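The chain contents come next:
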Amino acid sequence: MTARSSAKSKAMIQDNTRCIGCRACMVACKSWNDRPADHTDFFAGPGYQNPRDLDANNYTLITFNEIVTGARPDWVFGRQLCMHCEQPACASACPTTALRKTELGPVVFDKNRCIGCRACMQACPFLIPKYDYENRAPLIHKCTFCADRIEAGLKPACATVCPTSAISFGDRDDMIAEAKRRIATAPGTYIPHIYGLDEVGGTSVLHLSSVPFEQIGYVTGLPNTPMPDLTHRWLRVTPHFFALLYAVFAALTWITHRRSHKQVDGDQGKTA
Amino acid sequence: MNWRIRLTRWDFALMAVTAVGVGLAVVRYAAGIGSVANINNAYPWGWWVGYGIMMMIALGGVGFTITGLVEVLGVHRYHSLLRPAVLMGLLCYSGAIVMLMVELGRPWMVWMILVSWAPTAALYEVGWCAFLYLNVLLFEFAMVPLEQLGWGRLVRVMRVVYMPLMLLGVTLSHLHQSSLGTLMTLIPHKVNVLWWSDLLPLLFLFSAIMVGPALAILEYLCAARWLGFEPRMDMIASLARIEAWLVGLFLIFQLGDLVARGAVDAMLSGTWFALSFWAEIGFGLALPLVLLMMPEVRQSRRALAVACGLVIAGVLLHRLNVTVIGLRVRHWETYVPSLGEIGITIGITAGAMFVFGVLARILPIHEELASTPVSERRAAAPAGALRGAPGVS
Amino acid sequence: MTNHWIDMINADVVLIMGGNPAEDHPIAMNWLSRTKERGAYILHVDPRFNRTSSIADVFAKLRSGTDIAFVGGMIKYAIDHKRIQEEYVREYTNASWIVGDGFSFADGLFAGFDRAKNQYDRSRWAYALDAQGHPRRDPTLKHPRCVFRLLEQHFSRYDADTVCSITGTPKEIYLRVCDLYTSTFAPDRAGTWLYAMGTAQHSHGTQNIRSYAILQLLLGNIGVAGGGVNAMRGESNVQGSTDQGLNWDGLPGYLKMPVEADIDLASYLKRVTPVAANAQSVNWLQNTPKYMVSLLKAWWGEHATRENDFALSYLPKLGRGFEGNGYAFLALTHAMLAGEVKGLFCFGQNPAVGGANARLVRAGLDKLEWMVVADLFEHETASFWKRPGVDPAKIQTEVFVVPATSGVEKEGSIVNSGRWAQWRYRAVKPIADCRPDLDIVDGLARAIKRAYEKDGAFPEPIRHLTWDYGHEPDPHRVAREMNGRFLADVATVDGTRFAAGKQVSGFAQLRDDGSTMSGNWIYCGGYTEQGNLAARRGMTDAPNKIGLHPEFAWAWPMNRRILYNRASVNRKGEPFNPRRWVIRWNAESKTWDGDVPDGAMPPGEMNPFIMLASGVGQLYSLDLADGPFPEHYEPVESPVRNLLSKTQSSPCAQVWRSSEFDKYGAPADFPIIATTYRVSEHWQTGAMSRNMPWLVGLVPHPFVEMGTALAAREGIKTGDPVIVSSARGSIEVRALVTERFQPFFVDGRMIDEIGLPWHWGYAGIVPGDIANDLTASVGDPNSHIPETKVFLCNIRRKSSA
């Protein structure tokens, strides 16, 4: 299910004040995950954005956001990728445990267990898992946090190629401390909010921004409670519910049948 | 068993529609879901889940509601509705399974649910419960043809375990009908405030219970018309009164939940969401409630059928609202069911109706059709699940 | 660069002038990121708000081609607000030198302009000389004819209102830039100036750079950590290519090509060897004869002797060029068009797309008898003969395509903008029969030598050429030759002996008597008896901890990382900024600590700019063809009049008119300014990147960026196909409407500017129209670089009919 992250858990900082929108991360990700190229026509989103959204071939995406304040234009870049939640809704919703949170932090996908129900897609509050509907044997596609690279002691592909150190990678506690430090030392630069620190119970990807997150394509308004808690409070009473109902129905059945039996016996004098 | 039935043109029509659905399913398997369906990354669940799973399983609840009414609560005057209800339940659940085989991306792996341990996943619970309940329904219904085929000894053995299994079935139904709602509690930020509730499991359970008698009444009236027997309006009318109560209570429950969650503003806003909401409440609950409260409606075959049809449509719209229409995900992505999606579900529905129609003519599903008096032990003895007819033990 | 990439972390203010490092040098942004973290200000001056602007503290919009107005105003601001590092300016620049009476300036022209030839007689600008023939000086800087006063007077016309009326920059932003940047005049503050093609590709591009140099000298920012005039070079090894003398008018090590008038070695050396302006000038280039003779010895070995002037006659001499216009790109392409060029070797270049006035270039290719293309893909130049709209049967050019290897498929070195030569190894084997350039050239050279063994006109230069890089050509042998070695046993004055065959350890060991050879004197010291220093990867920083990393790779000259660093200390050898010192005099060891000193002489009278004959930084310069001071002129194609003077555009600009493709547009027909630039995702002409599906997926088709007001007037929405036209042609691209490209308020009215990335052509996975079809054959008079960064155009929505 959802293992609470261990002390060894890794995390990533996505610092959008350093991001220059070069998209080396997108290309490195496609390279490492062997994703095919997109056949695009023009730009699919604001500015140079391509494609419009994450999809089965793009596990990470830079969003281009033109924000005009008064007469001054500004260009702020955001990044979409799996947040590798501490308590992932996708893993909790998966009926075959094909998705699970690992000790080092990544939420990994075992394609050999997937039945393609797409409950994870519905469940994810960040709208991350994507599907290749054109495939006869389709699979869920999302950022893997380069779990294989992390296990080998390397950094994820995106963190490795980012030229401006907009992407930092390390132990989760260190990354949280670093994110707080950056906000504290340059308050005019950052919105005082670490996206992913508390949302949905905390995630492994922490975003920093110079403008409010909803202006750069992030899902906002999420509660701080882990999403699985919402179903958990119902599902955990399943066995109790089962036992209670069964007992009640059995009792009712016995009572009503006794009455009808008495009636019948009374009528006919003998049972069948 | 009366093998010598004549297939009418309606049978052939249903077979044709089913064949179209099969053809579309073949395309789906050959060329991927995207070749027939409009579901996309923003809306991974669409018409297939909304109608084919959520609604069909809700309709399949006719099995446990009528069984509960007759067997658990002991209201035997409705016993003639029992076999049709069980058969409908069986066909609805089977239909939902067929839908699942088309809807899942990798249906050949569906057995993986049975060998996994995923107690946090609502779908896991739904899957297991539905699987077990399907077997219970099969068991319950199997006694009918088995008896007709002369397997009396087996049937007697089955009758012994009938009671605990029947109870299991009713209990399981409560669990998975509510779990369908639990499924959607996971996404409060995606579902419009008009439909998301922390009480969604109870709402779904309640609506399943509500739709059971409505479907049973509708089926009874249709069977009377198509199979040619005189419907017992007094029985049906009294069930319709119960139904009126169910609809009324559900309406209060749903509105009360909305008010408690502060959704009154949303109800009164001029959005498409509000429109769909009022259609659901108005045509699916308020109007049939009013109709069902009127004795002349309850005594009228046509009016009653319409009223029950409205309840069913209302539940369908409710389920669609919660799982599809009420979702706001990406403002640049929309979803409208494709003809392929609708074609497959219509095919499944037609197939189920066809099978029901054939079985209703082959087997003694409807007591009212029993023409020749037979020994008390046999023909009139409702099979296994259906004992307890007045005067028969 | 005078400094280097990592040195940016030492800057207090970074000004990026029309450059776009975020998109064009993204790795460098790492250092800019860190310098921002330390609290530095990033100022971005550009026509368009681009990805670099997104991380800048101040974005100042600038109309293309008006850099000199902008910077001239900053010079005036610095002088008016006394933001001058006085000791530095007085001691280390020619501010105090007195200019002769021949110099004057009026109506936009300097003295000595010959209208018939469009040239200046530079002798009119000479200094006033004293009895010894040295320029007279006034250290108080009060003499009305001293350089500083003339500078002040020249830029007194560049007040903020006038400047902003020319550049279209909002005045309060302009003043903020001036204020922030000139704050680096303080000795403990440094400002670095970054630029690239946005500066260079203009009809006054060289003077653009001059203006930056002047400002940096006034602020004392040359030779210090975090300072400098820093060109972000445009190709991964363009620094290497200019170092090796691949330009038509240069020899390796920036030595000069001989001209027809150099009838012998003595007259050549007399012409090219500078004479010190005074006794305080080290004038290092007085050693030119040693470097030139060593070069000739490298090329012709034992066949270069004192008797035959070390085979100087074997070198071709520069004439006046094609039609008297030199041999630079514009002249070459016009000559090709006129049928004067038989054959072309085109190595790693794609002029059919990348050349100015590209339709002219392609028409010129049609006239060649043969062409050899060495590249990774069959790009537009290689396939010019079958391009759209052309009948291959009518083209008589025989085209040879030699498949080359990319940087990761061969061993060798490249040099970055900071002059760091980095040795690289082969990571993957080349596919099929692709060959490194070294192998290709080596094969060609040996075949040519074999052919010339039999016969040929004037065969000696080829026959006698030393050419031995191994049976399998070995880049190490080339590198060793570049460094150079002793050809005979040599004993120096102090008794040190060097054996023949040993590598030299620095250019100070080179001699003009034929006893040494060196293929490139500035690379002396890079491959010594210690080994291949460019291959070093030592991570330790120098004790002054300013990011020099002297053991990582090897920088020319002599691993000196910051040029002119003698200007960072006073006459006693004490750093002006002790907190961030580059070098400092160690009185005990009597040596310099820190970076390799630019001039090892002890502190004292000798001046720090040892590579200049004057020895000091040039606020006033005699070296450029178009003026001793920069002066703002409008680009050759401009929609507005010059607000500063009556001379509309640069009087010396090379404006070609000889062919049918040399047409120029009037503002009435082409009222919109156009510029060209790049995106991160594509590289140059797209020869590689448009064959890379992932990159094509990100940016598939050519587009034009335009402002919202212009788009609204023309009824254009993002994604619409539009036609952009100039006097030279028209192209179809997709529109991208954005707030980031706003019109300029110039001379009382709004002028629109649009921008075109120029990466597309008819080859590759995704073809697209060629932006350079619109640019003109206009050249800078000094560098001859084309003015591709500004021209006039018009735009309209393509009708769907």
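Residues numbered from 1 in each chain as written. Chains lettered and ligands numbered in written order. Predicted model: local features only at pLDDT ≥ 70, side-chain atom pairs only at ≥ 80, totals over all residues. Heavy atoms only, no water.

**So, the overall build of chain C**
- Helix and strand counts for chain C stand at 20 helices and 35 strands.
- Rg of the C-alpha trace for chain C: 26 Å, near the compact-globule value of 28 Å for 801 residues, within the 12% margin.
- Based on the C-alpha atoms only, the size of chain C along its principal axes is roughly 85 × 70 × 55 Å.
- Within the span of chain C, comprising 801 residues, buried residues form 60% of the whole.
- A sequence separation of at least 24 residues applies to 70% of the contacts in chain C between residues at least 6 apart.
- Looking at chain C as shown, the accessible area adds up to about 30,700 Å², and 53% of this sits on carbon and sulfur atoms.
- One way to put it: in chain C the 86 positive side-chain charges average out to a point 2 Å from where the 89 negative ones average out. (Helix = DSSP H or I, 4+ residues; strand = E, 2+ residues; numbered from the N terminus. Rg over C-alpha atoms; globule rule 2.2 N^0.38 Å. Buried < 20%, exposed > 50% of the residue type's maximum accessible area, 1.4 Å probe, protein only. Contact = heavy atoms within 4.5 Å. Areas by Shrake-Rupley, 256 points an atom, 1.4 Å probe, with all protein chains shown as cover. Lys, Arg positive; Asp, Glu negative; His and termini not counted. Charge placed at Lys NZ, Arg CZ, Asp CG, Glu CD.)

**Some thoughts on the pairing of strand β15 (residues 412–415) of chain C**
Residues and elements named next belong to chain C.
- With four bridges connecting them, β15 and strand β16 (residues 420–424) associate as antiparallel partners. What sits directly across from Gly412, in β16, is Arg424.
- Here β15 folds back onto β16 in antiparallel fashion, the turn holding four residues, of which Arg419 has a positive phi close to 70 degrees. (Pairing = 2+ DSSP bridges.)

**Digging into the packing of aromatic side chains**
- For the structure shown, the criterion picks out 67 aromatic pairs over all chains.
- With 6.0 Å between their ring centres and 85 degrees between their planes, A:Phe145 and A:Phe169 make a pair best called edge-to-face. Residue A:Phe145 is found in the loop between β7 (140–141) and α4 (147–151), and its partner A:Phe169 is found in strand β8 (residues 167–171); the two are separated by 24 residues along the sequence.
- Given the relative accessible area of 17%, A:Phe169 is considered buried.
- On the basis of an interplanar angle of 65 degrees and a centroid distance of 6.3 Å, the ring pair of B:Trp195 and B:Phe277 is categorised as edge-to-face. Taken together, the positions of B:Trp195 in the loop between α6 (152–185) and α7 (200–228) and B:Phe277 in helix α10 (residues 272–293) put the pair 82 residues apart, joining distant regions of the chain.
- Taken together, C:Trp97, C:Phe103, C:Phe105, C:Phe110, C:Phe113, C:Tyr120, C:Trp125, C:Tyr127, C:Tyr620 and C:Phe629 form an aromatic cluster joined through their ring pairs.
- Positioned above the aromatic ring of C:Tyr677, the side-chain terminus of C:Arg48 is 3.5 Å from the ring centre.
- One Lys or Arg, C:Arg584, reaches over the ring of C:Trp581 and ends 3.9 Å from the middle of that ring. (Phe/Tyr/Trp six-rings, centres within 6.5 Å; stacked < 30°, edge-to-face > 60°. Lys NZ or Arg CZ within 6 Å of the ring centre and 35° of its normal.)

**Section: the interface of chain A and chain C**
- Each partner contributes residues to the interface: chain A has 35 residues there, and chain C has 41 residues.
- Across the interface of chain A and chain C, roughly 3,000 Å² is buried in total on both sides, 60% from carbon and sulfur atoms.
- Inspection of the region where chain A meets chain C yields five salt bridges.
- Here A:Glu66 makes a salt bridge to C:Arg740, at a shortest N to O gap of 2.9 Å.
- Here chain A and chain C share 17 residue pairs in polar contact (both at pLDDT 80 or more) between them.
- Residue assignment for the side of chain A that touches chain C shows that the elements contributing at least two residues are α1 (24–32), β2 (61–69) and β3 (72–80) of chain A. (Buried area = accessible area lost by both parts, 1.4 Å probe. Salt bridge = Lys/Arg side-chain N within 4 Å of Asp/Glu carboxyl O. Polar contact = N/O pair within 3.5 Å; in protein donor to acceptor, adjacent residues only side chain to side chain.)

**Overview of the domain arrangement of chain A**
- On domain assignment, one finds that chain A holds domain 1 (10–227) and domain 2 (237–271).
- Here domain 1 of chain A and domain 2 of chain A have C-alpha centroids that lie 56 Å from each other. (Domains from an automatic or database assignment.)

**Some points on the sheet that holds β15(C)**
- Strand order in the open sheet formed by three strands is β15-β16-β23 (chain C), and the pairing between neighbours is antiparallel. Unpaired on one side and paired on the other, β15 and β23 (554–555) of chain C mark the two borders of the sheet.

**A closer look at the arrangement of the chains**
- Here two pairs of chains are in contact, and chains A and B lead that list by number of contacts.
- Across all C-alpha pairs, the smallest distance from chain B to chain C is 16 Å, and the two are not in contact.

**Things to note about the sheet that holds strand β2 (residues 41–46) of chain C**
Residues and elements named next belong to chain C.
- Taken in spatial order, the five strands of this open sheet run β3-β2-β1-β8-β9, and their pairing is parallel. Two strands lie at the open edges of the sheet, namely β3 (58–61) and β9 (229–231), each paired on one side alone. The average angle at which neighbouring strand axes cross in this sheet is 20 degrees, direction not considered.
- Pairing between strand β1 (residues 13–17) and strand β8 (residues 191–195): five bridges, direction parallel. Across the sheet, Val13 pairs through a bridge with Gly191, a residue of β8. (Axes fitted to C-alpha atoms, helices over the stretch in contact; angles between N-to-C directions.)

**Notes on a nonpolar patch on the surface**
- A surface patch of nonpolar side chains, amounting to about 450 Å² of accessible area, comprises B:Trp111, B:Leu114, B:Val115, B:Phe131 and B:Leu132.
- Residue placement: B:Val115 occurs in the loop between α4 (82–103) and α5 (122–148). (Patch = residues over 30% accessible without salt bridge, like charges linked within 9 Å, V, L, I, M, F, W, Y side chains within 5 Å.)

**Considerations on empty space enclosed by the protein**
Residue and element names in this part refer to chain C.
- Inspection of every chain in the model, using the stated rule, returns 18 cavities of 30 Å³ or more.
- Its boundaries defined by the atoms lining it, the largest cavity holds a volume of some 330 Å³.
- What lines the largest cavity is a set of 26 residues, and nearest its centre among them are Gly18, Gly19, Met197, Gly198 and Lys789.
- Of all the elements in the fold, those that place two or more residues in the lining of the largest cavity are α1 (21–24), α8 (197–200) and β27 (672–677).
- With three residues, the single largest contributor to the lining of the largest cavity is β27.
- Among the residues forming the lining of the largest cavity, the class breakdown is eight nonpolar, twelve polar and six charged.
- Estimated volume of the second largest cavity: approximately 120 Å³.
- What lines the second largest cavity is a set of 13 residues, among which Pro187, Val224, Ala225, Asn577 and Arg580 lie closest to the centre. (1 Å grid on protein atoms, 1.4 Å probe; cavity = no way out; pocket = protein on both sides within 12 Å on 5 of 7 lines; lining within 4 Å. Points joined across faces, edges and corners; volume = space filled by probe spheres on them. Nonpolar A, V, L, I, M, F, W, Y, C, P; charged D, E, K, R; others polar.)

**Structural notes on the pattern of salt bridges**
- According to the stated counting rule, one finds 55 salt bridges over all chains in the structure shown.
- A salt bridge links A:Lys30 to A:Asp38; the shortest N-O distance between them is 3.1 Å. Judged on exposure class, the residue A:Lys30 and its partner A:Asp38 are both buried.
- Close ionic contact of C:Arg740 with C:Glu705 constitutes a salt bridge, the shortest N to O distance being 2.5 Å. Note that C:Arg740 is positioned in the loop between β30 (729–738) and β31 (744–746) and C:Glu705 in strand β28 (residues 703–707), a separation of 35 residues in sequence. The residues C:Arg740 and C:Glu705 share a single accessibility class, namely buried.
- Several salt bridges share partner residues, and in doing so they unite A:Asp15, A:Arg18, A:Glu178, A:Arg181, A:Arg182 and C:Glu37 into one network.

**Quick notes on the confidence of the model for chain C**
- Model confidence for chain C is summarised by a mean pLDDT of 95, while 100% of its residues fall at 70 or above.
- ipTM for the predicted complex: 0.92, alongside a pTM of 0.92. (pLDDT = per-residue confidence, 0-100.)

**Observations regarding the nonpolar core**
- In this structure, A:Phe126, B:Trp48, B:Met184, B:Leu304 and C:Phe703 are the most contacted members of the largest nonpolar core, which totals 216 residues.
- The biggest single contributor to this core is α7(B), with 17 residues.
- Non-local contacts of B:Leu304, meaning those with residues more than four positions away in its chain, are made with B:Ile217, B:Leu221, B:Met233, B:Ile236, B:Ala240, B:Leu292, B:Val297 and B:Arg298.
- Ranked by size, the runner-up nonpolar core spans 73 residues in total, among them C:Met74, C:Val147, C:Tyr158 and C:Ile222. (Core = buried A, V, L, I, M, F, W, Y, C linked by side-chain atoms within 4.5 Å.)

**Some remarks on the environment of C:Glu529**
Residue and element names in this part refer to chain C.
- Positionally, Glu529 belongs in the loop between β21 (527–528) and β22 (531–532).
- Through-space distance from the C-alpha of Glu529 to that of Ser621 is 40 Å; in sequence the pair is 92 residues apart.
- Beyond its immediate sequence surroundings of up to four residues, Glu529 is in contact with Gly501, Lys502 and Gln503.
- A distance of 2.7 Å separates a polar atom in the side chain of Glu529 from the backbone nitrogen of Gln503.

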